[in-house]
Amino acid sequence: MMSAKVEALGKKIIHFGEEMDFFPERIRQLLESDWTNPEVLDFLLAASEICRILVKSPADFEMLELVYFGCSPRGNVASNGVDKWLAASLSGQALRDRLRVVSAWTAEHVMAALKEGQHFTVLDLGAGPAPYAFETLQGIAPQALKDLKWKCVDIDAFALAEGAKRARQQGLDGVLEFKRMDFLSLRNAPDSDDTKADFGLLVGILCGMTPEEAVSCLIKIKPFFRSGAELIVPTLLNRAFEEDARVFRVLCNVLGWQLKPKSLDEVREVFVSADYHVNSIFSERADGNGQYAIVHATIV
Ligand SMILES: C[S@@+](CC[C@H](N)C(=O)[O-])C[C@H]1O[C@@H](n2cnc3c(N)ncnc32)[C@H](O)[C@@H]1O
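Not measured: the values here are computed from a predicted model.

(A) Quick peek at the overall build of the protein. A count of helices and strands for the protein gives 13 helices and seven strands. Expected size for 300 residues packed as a compact globule is a radius of gyration near 19 Å; at 20 Å, the protein falls within 12% of this value. For the protein, the spread of C-alpha atoms along the three principal axes comes to 60 × 40 × 40 Å. Buried residues in the protein amount to 41% of all 300 residues. The long-range share in the protein, meaning contacts at least 24 apart out of those at least 6 apart in sequence, stands at 72%.

Below you can see the structure in the form of structure tokens.
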């Protein structure tokens, strides 16, 4: 669905200065307001790995791997001017900070539960190759891992295979499980006697949804969790488009990624409408003014 926020951004005149010399002058001029000219897309597809991945498959995990780690499992590297600019941008940094902050928070949360001697099951919905699992597990004492199961779900078989390979390489295949499944399909709704997860991650999913779609998603995933389970859910805020308009001109206007950033109030309302208790909302930035609302919520 076309994003109203992307449409509004498309109408803005955004300055692309001379210092951005990895864009030819003509492309910089077109990007300011005439970005629909096909020359712009042609240039980006020829110049940038991130752009090529994104135009094929928006919200692909591989684009994120390039931003997190500088290279992707298919051997692509963010090495030229446009890719370096995208990866080093405020939005690229926000993605890396989101990974770091959410994982550190989750490690603390999971450690506290494991200390109480409980078996604990985490469900990572739309996990990709499980960057959040690997980052979080670094913060958990190895002796505590015997009581932890971390289940990664995704529809992308390649992402799951990559995650499973990394788990074997790191000796974490006893902790991590990988399952190919569309978690929004009613066909995959769990039976009442299936084991329910204690804790959930939903990262990189709500950012592309309208508030109504986000409410529906949050309601559909509830049966995977026990009553009282807690989730950590980051989602993109309007501030991202405001502070990094040039990046989103490229990613959303030219390449067509229909991101749907929200205000903080809209984010809170989404969770309340889906009947979750919002425990706290924090940010990937220490001062709280980041690009993401990171919601810690409980299923009531
Ligand atoms: C933007 S990536 C996020 C990956 C990872 N969570 C991260 O933030 O690095 C979104 C992932 O969710 C998966 N995905 C999206 N909708 C899904 C669904 N309904 N069921 C299962 N996986 C889904 C995609 O295949 C993709 O790997």
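(B) The site of the ligand, seen in detail. Around the ligand, the surrounding shell holds 19 residues, and the nearest of these are Gly126, Gly128, Asp156, Val203 and Gly204. Sorting the residues of the shell around the ligand by element identifies α5 (61–69), α8 (131–137) and β2 (148–154) as the ones contributing at least two each. Considering only residue class, the shell around the ligand consists of 13 nonpolar, three polar and three charged. Three or more residues apiece are contributed to the shell around the ligand by two domains, here domain 1 (4–92) and domain 2 (96–243 + 258–299).

(C) Fine view of the environment of Leu264. Along the chain, the position of Leu264 falls in helix α13 (residues 264–273). Sequence separation between Leu264 and Phe134 is 130 residues, and the spatial gap between their C-alpha atoms is 29 Å. Non-local contacts of Leu264, meaning those with residues more than four positions away in its chain, are made with Leu237, Ile281 and Ala293.

(D) Highlighting the nonpolar core. One finds Leu125, Cys152 and Leu202 to be the most contacted residues of the largest nonpolar core, which totals 85 residues. The residue makeup of this core includes at least three contributed by each of domain 1 (4–92) and domain 2 (96–243 + 258–299). Once residues lying within four places of it in the same chain are set aside, the contact partners of Cys152 are Asp124, Ala127, Ala130, Ala133, Leu160, Gly163, Leu176, Glu177 and Phe178.

Rules used in this analysis
- Residues numbered from 1 in each chain as written.
- Predicted model: local features only at pLDDT ≥ 70, side-chain atom pairs only at ≥ 80, totals over all residues.
- Helix = DSSP H or I, 4+ residues; strand = E, 2+ residues; numbered from the N terminus.
- Rg over C-alpha atoms; globule rule 2.2 N^0.38 Å.
- Buried ≥ 20, exposed ≤ 12 C-beta atoms within 10 Å, placed from the backbone.
- Contact = placed C-beta atoms within 7 Å.
- Near = placed C-beta within 6 Å.
- Nonpolar A, V, L, I, M, F, W, Y, C, P; charged D, E, K, R; others polar.
- Domains from an automatic or database assignment.
- Core = buried A, V, L, I, M, F, W, Y, C linked by C-beta atoms within 7 Å.

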